[in-house]
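Report on the structure
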Protein chains: 2
Amino acid sequence: MRIGELSKRSGVPARMLRYYEEQGLVTPRRLDNGYRSYDEHLVDRVGKIRGLIDAGISTRIIGDILPCLDRPQTIVVTDPHPELREVLLQERDRMTQKIDILVQNRDSITRYIKAMDSALGVVAEKTAS
Amino acid sequence: MRIGELSKRSGVPARMLRYYEEQGLVTPRRLDNGYRSYDEHLVDRVGKIRGLIDAGISTRIIGDILPCLDRPQTIVVTDPHPELREVLLQERDRMTQKIDILVQNRDSITRYIKAMDSALGVVAEKTAS
DNA sequence: CTGAACCCTTCCATTAGTGTGAAGGTCAAT
DNA sequence: ATTGACCTTCACACTAATGGAAGGGTTCAG
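The structure displayed is predicted, hence computed values, not measured ones.

Listed by partner, the interface residues are 43 residues for chain A and 43 residues for chain B. Both faces considered, chain A and chain B share a buried interface measuring about 4,100 Å² in area, 75% of it formed by carbon and sulfur atoms. If you sort the residues of chain A by the area they bury against chain B, Leu102(A), Ile109(A) and Tyr112(A) come out on top, with a joint share of 18%. The tally of links between chain A and chain B comes to 2 salt bridges. For Asp117(A), the salt bridge identified is with Arg85(B), shortest N-O distance 2.7 Å. Ranked by the residues each element gives to the side of chain A that touches chain B, the list is headed by helix α5 (residues 82-128) of chain A, at 26 residues. Partitioned by chemical class, the residues of the side of chain A that touches chain B number 25 nonpolar, 8 polar and 10 charged.

Time to look at the protein's contact with DNA strand C. Near DNA strand C lie 19 residues; those nearest to it are Tyr19(A), Arg50(A), Thr59(A), Gly4(B) and Arg36(B). The sugar-phosphate backbone supplies 71% of the atoms of DNA strand C found within 4 Å of the protein. Between DNA strand C and Tyr19(A) there is a distance of 2.7 Å, counted from a phosphate oxygen to a side-chain nitrogen or oxygen. In the environment of DNA strand C, a phosphate oxygen lies 2.6 Å from a nitrogen or oxygen atom belonging to the side chain of Arg36(B).

Residue and element names in this part refer to chain A. Every buried residue of helix α1 (residues 3-10) is listed here: Ile3, Leu6 and Ser7. The arc enclosing the buried residues of α1, seen along the axis, measures out at 105°, which places them on a common side. Along its buried surface, α1 packs onto α2 (14-22), β2 (36-37) and α3 (41-54). Within two residues after α1, Gly11 carries a phi angle of roughly 75°, on the positive side.

Taken together, 20 residues are adjacent to DNA strand D, and Gly4(A), Arg36(A), Tyr19(B), Tyr35(B) and Thr59(B) come closest. When the atoms of DNA strand D within 4 Å of the protein are grouped by moiety, sugar and phosphate amount to 62% of the total. In the environment of DNA strand D, a phosphate oxygen lies 2.6 Å from a nitrogen or oxygen atom belonging to the backbone of Gly4(A). Here a phosphate oxygen of DNA strand D and a side-chain polar atom of Arg50(B) are 3.0 Å apart. Going through the elements one at a time, α1 and α2 of chain A together with α2 (14-22) and α3 (41-54) of chain B are the ones with two or more residues in the surface near DNA strand D. At 4 residues, the largest contribution of residues to the surface near DNA strand D is made by α2(B). A per-class count over the surface near DNA strand D returns 8 nonpolar, 5 polar and 7 charged.

Take the relation of the copies chain A and chain B next. Here the two chain copies are tied together by a rotation about an axis and a shift along that axis. Once chain A has been moved 0.0 Å along the axis and rotated by 180°, it coincides with chain B to within an RMSD of 0.1 Å. Accordingly, the operation relating the two chain copies is best matched by a two-fold axis. By C-alpha distance to the rotation axis, the residue of chain A lying nearest is Gly56(A), at 2.0 Å. A share of 100% of the interface residues of chain A reappears at the interface of chain B, consistent with the copies meeting face to face through the same patch.

On to the packing of aromatic side chains. Inspection of the entire model under this criterion finds 2 aromatic pairs over all chains. Here the aromatic rings of Tyr19(A) and Tyr20(A) are separated by 6.2 Å at their centres, their planes lie at 55°, and the arrangement is tilted.

What follows covers the nonpolar core. Leu17(A), Leu52(A), Leu88(A), Leu17(B) and Leu88(B) are the most contacted members of the largest nonpolar core, which totals 65 residues. It is helix α5 (residues 82-128) of chain B that provides the largest number of residues to this core, a total of 11 residues. Those residues within four positions of Leu88(B) in sequence are excluded, and the remaining contacts are Ile109(A), Tyr112(A), Ile113(A), Met116(A), Asp64(B), Ile65(B) and Cys68(B).

Cut-offs and rules
- Residues numbered from 1 in each chain as written.
- Chains lettered and ligands numbered in written order.
- Predicted model: local features only at pLDDT ≥ 70, side-chain atom pairs only at ≥ 80, totals over all residues.
- Heavy atoms only, no water.
- Contact = heavy atoms within 4.5 Å.
- Buried area = accessible area lost by both parts, 1.4 Å probe.
- Salt bridge = Lys/Arg side-chain N within 4 Å of Asp/Glu carboxyl O.
- Helix = DSSP H or I, 4+ residues; strand = E, 2+ residues; numbered from the N terminus.
- Nonpolar A, V, L, I, M, F, W, Y, C, P; charged D, E, K, R; others polar.
- Near = heavy atom within 4 Å.
- Polar contact = N/O pair within 3.5 Å; in protein donor to acceptor, adjacent residues only side chain to side chain.
- Buried < 20%, exposed > 50% of the residue type's maximum accessible area, 1.4 Å probe, protein only.
- Arc of directions from axis to C-beta.
- Least-squares fit on C-alpha atoms with pLDDT ≥ 70 in both.
- Phe/Tyr/Trp six-rings, centres within 6.5 Å; stacked < 30°, edge-to-face > 60°.
- Core = buried A, V, L, I, M, F, W, Y, C linked by side-chain atoms within 4.5 Å.

Structural measurements only, silent on function.
Right under this line is the structure:
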């Protein structure tokens, strides 16, 4: 498919798709006229990229971990240099840390909302009486 | 305490502490000489801010949710306008979404690492034989 | 008193991720 | 053959987060 369709289907502006290409995250083939041609599985890929960027992962990091994200992963394991493993462990830990912080703060927000609600509940009871 | 000590204790550059102030996330008192004076509980606060920024939450959003994050929250609930509740719900959902994406991708990384390890394990067995 | 180590404010620079627009090529349909 | 929708590259600009320097006070220790 061409860039417009991918843009529509993934919800990502064409501008950004070109940017991701520039950053080495997607490398579409080119048609004879120079148009980019994406194949099907890149829809998912782009979705993943967007999610990760929204979650505060930089394109550089995403580039590092992308090989792990394409199913099935069992094919790509033929890379026995130990650098990669370290990078992945480190990035996994960073993600875990972000997750913990987000969970913790989200729960604080949830508690706060509940507190608001019960406070308003009291008010409602009083005004109803 | 003054900015240098807070910087050391929180691990956040003084430059950034001034920036957070500019964004309305912390408002230290001022000494007679104009120096910023932070009190104890801001150490935690700054830590939280850093965590959230690292997790991809913008200072604008952080400003919105900060009131929920200071323990104990029960004091601050005296704000019965319904706008805030919507904002909080929305932000909580965004955080949940980020969490889901991070968890999912972290698990992919973990699986990939395991696959690498078992592949290398096979190699090790072969070379050992 | 002087120097070191703080602190202040005010700029300017950089990077990443975006938005937007110009100037032009391709292509299908009228 | 022209129109309109799509594509190309290039470029300029914006925001958020951050780094850093310049120029100038304050405090304290020697």
